[in-house]
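# Notes for the structure review
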Amino acid sequence: MVLENFRLDNKIALITGASYGIGFAIAKGLSEAGAKIAFNDINQDLVDKGLKAYKEAGISVKGYVCDITDEKQVQELIKKIEADLGTIDILVNNAGIIKRIPMIEMSAEDFRKVIDIDLTGQFICAKAVIPGMIKKGGGKIINICSMMSELGRETVSAYASAKGGLKMLTRNIASEYGEYNIQCNGLGPGYIATPQTAPLRERQADGSRHPFDAFIIAKTPAGRWGTPEDLTGPAVFLASEASNFVNGHILYVDGGILAYIGKQPS
Ligand code: NAP
Ligand code: GCO
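Per-chain numbering applies: the sequence of each chain, read as written, is numbered from 1 onward. Lettering of chains starts at A and numbering of ligands starts at 1, both following the order in which they are written. Given that the model is predicted, a residue must reach a pLDDT of at least 70 before its local features are reported, and side-chain atom pairs must reach 80 or more before they are shown or counted; all residues, however, enter totals for whole chains, interfaces and linings. To get the side-chain values, all heavy atoms of the structure are used, and hydrogens and water are removed first.

A fitted line through C-alpha atoms represents every axis, and for helices the fit uses only the stretch in contact; the resulting angles, taken between N-to-C directions, go from 0 to 180 degrees. The secondary structure listing takes helices from DSSP runs of H or I that are at least 4 residues long and strands from runs of E that are at least 2 residues long, numbered from the N terminus. Two elements in contact, helix α4 (residues 108–136) and helix α5 (residues 157–177), have axes whose closest approach is 8 Å; the angle formed by their N-to-C orientations is 15 degrees. One finds that α4 runs roughly parallel with respect to α5. Seen from above, α4 lies across α5 with right-handed handedness. On α5, the residues touching F111, V114, I115, D118, L119, Q122, F123, A126, I130 and I134 of α4 are S157, A158, Y159, S161, A162, K163, G165, L166, L169, I173 and Y177. Throughout, the term roughly parallel applies to angles under 35 degrees, roughly antiparallel to angles over 145, roughly perpendicular to angles from 65 to 115, and oblique to all others. Crossing handedness is read from the near helix: turned anticlockwise from the far helix by less than a right angle, it gives a left-handed crossing, and turned clockwise, a right-handed one. The criterion used for residue contact is that any of the two residues' heavy atoms lie within 4.5 Å.

What follows is the structure in structure tokens.
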């Protein structure tokens, strides 16, 4: 039965930065497909916020404080999860930040911080889980990419550089570890309504849409922002045996933005 291939029963999944937003929605979806869930976030307050939200959603999870840019912390995190739940089968590299600053006004320190969290952190987490996946006979790594893995725009030079690099890290992990039955793919969300994009959707003083909000609506054939829940089905697919021959692919979940020139302004 083909639908059985989408089940995740007895699989152990780590979703990074998953106290809220896209990570939370993906963790909820993987849990509903049968996976045991572990998540981390950058501080105890966020982990506690996440634990409360998961409990309210009826999801049993393990939560851990871990900065994904700190390799020692990540290696400790993996050991704790292995002791609490077992060897990780699925890693969703979701944690990230964005800094919207015109490039020539951006400090090298800020640029490095975005690269460190949005790209180096994903390398550190993938490096930490791959040995266990090899021993276990396989695994799934899902890197949360972006429209900015393909496109640029004003003020997001660091973020676009990181997400472009994450696309190639995805392809390289697929290339280097595919022979161990590890599939590494990317999920490329379009513009999703989360706290990270809230500044781009703020209502103007006169009650009108934020200009960027109106722009994204015109650029999206679906005529709407995505929701974190729009990502759960694609995430379950990439985490499951249904995608065992999909490797090094970036699955864009963008409502059609990348295919569309955009609606003519009225
Ligand atoms: P987000 O605001 O990007 O938050 C991601 C989570 O990661 C937050 O809880 C954040 O904590 C945490 N985090 C930040 N730095 C960390 C670190 N060093 N170690 C561990 N955790 C860390 O939320 P989102 O909008 O749900 O985005 C999730 C992912 O999707 C990100 O990778 C983002 O780039 C990507 N994405 C988002 C969109 C969108 O439209 N929202 C579209 C495409 C891709 P803090 O709250 O303290 O920052
Ligand atoms: C921005 C947005 C985007 C989204 C997302 C699009 O400022 O343009 O934050 O970067 O977060 O990455 O896929």
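Further remarks concern the site of ligand 1. By convention in this text, a residue qualifies as near a molecule or strand provided that one of its non-hydrogen atoms is within 4 Å of it. Surveying the vicinity of ligand 1 reveals 27 residues, the closest of which are Y20, I22, N94, Y159 and T194. Polar contacts, as used here, are pairs of N or O atoms within 3.5 Å; protein pairs need one atom able to donate a hydrogen and one able to accept it. Residues neighboring in sequence count only if both atoms are side-chain atoms. The contact in question runs from an oxygen atom of ligand 1 to an N or O atom on the backbone of G96, over 3.3 Å. In this structure, an oxygen atom belonging to ligand 1 sits 3.0 Å away from a side-chain N or O atom of K163. Shrake-Rupley sampling with a 1.4 Å probe provides the accessible areas, and residues are treated as covered by the protein chains on show and by no other component. The fraction of the free accessible surface of ligand 1 (870 Å²) that becomes covered by protein chains is 90%. Judged by the proximity of its atoms to the pocket grid, ligand 1 belongs to the largest pocket. When residues of the shell around ligand 1 are traced back to their parent elements, those giving at least two are α1 (21–32), β2 (36–41) and α5. All amino acids are sorted into three groups, where Ala, Val, Leu, Ile, Met, Phe, Trp, Tyr, Cys and Pro are nonpolar, Asp, Glu, Lys and Arg are charged, and the leftover types, Gly among them, are polar. Split by residue class, the shell around ligand 1 holds 15 nonpolar, 9 polar and 3 charged. In the cavity and pocket records, a cavity denotes points on a 1 Å grid over the protein atoms alone where a 1.4 Å probe fits but cannot get out, a pocket denotes an open set with protein on both sides within 12 Å along at least 5 of 7 lines, and lining residues are residues with an atom within 4 Å of a point. Molecules are considered to sit inside a cavity or pocket once more than half of their atoms lie within 2 Å of its grid points.

Glancing now at the nonpolar core. Working definition of a nonpolar core: buried Ala, Val, Leu, Ile, Met, Phe, Trp, Tyr and Cys residues. They are joined through side-chain atoms within 4.5 Å. For every residue, the accessible area (1.4 Å probe, protein chains only) is compared with the maximum for its type, and the residue is labelled buried under 20%, exposed over 50%, or partly exposed between those bounds. Counting 32 residues, the largest nonpolar core has L14, I81, I88, L91 and I141 as its most contacted members. Filtering out sequence-adjacent residues up to four positions away, I88 remains in contact with I12, L14, I78, I81, V129 and M133.

So, about the side chain of T16. Mapped onto the elements of the fold, T16 is located in strand β1 (residues 12–16). What makes T16 buried here is its relative accessible area of 0%. Side-chain polar atoms of T16 contact the backbone nitrogen of N94, separated by 2.9 Å.

Glancing now at the site of ligand 2. Ligand 2 sits among 14 residues. The nearest are R100, S146, R153, Y159 and Y191. One of the backbone N or O atoms of P189 is found 2.9 Å from an oxygen atom in ligand 2. Put simply, ligand 2 lies in the largest pocket.

What follows is about the pairing of β1. Across the 5 residues of β1, 5 count as buried, placing the element largely inside the fold. Both faces of β1 are covered, namely the face carrying I12, L14 and T16 and the face carrying A13 and I15. Bridge count between β1 and β2: 5 bridges; the pairing is parallel. Looking across to β2, one finds that A13 is bridged to I37. One crossover worth recording links β1 to the parallel β2 by way of α1, and it is right-handed. In this sheet, strand β4 (residues 90–93) lies alongside β1 in parallel orientation, the contact comprising 3 bridges. When DSSP locates at least two bridges between a pair of strands, those strands are taken to pair. Looking down the strands as they point away from you, a crossover is right-handed if its path from the first strand over the helix to the second goes clockwise.

These results come straight from atomic positions and should not be treated as a statement about function.
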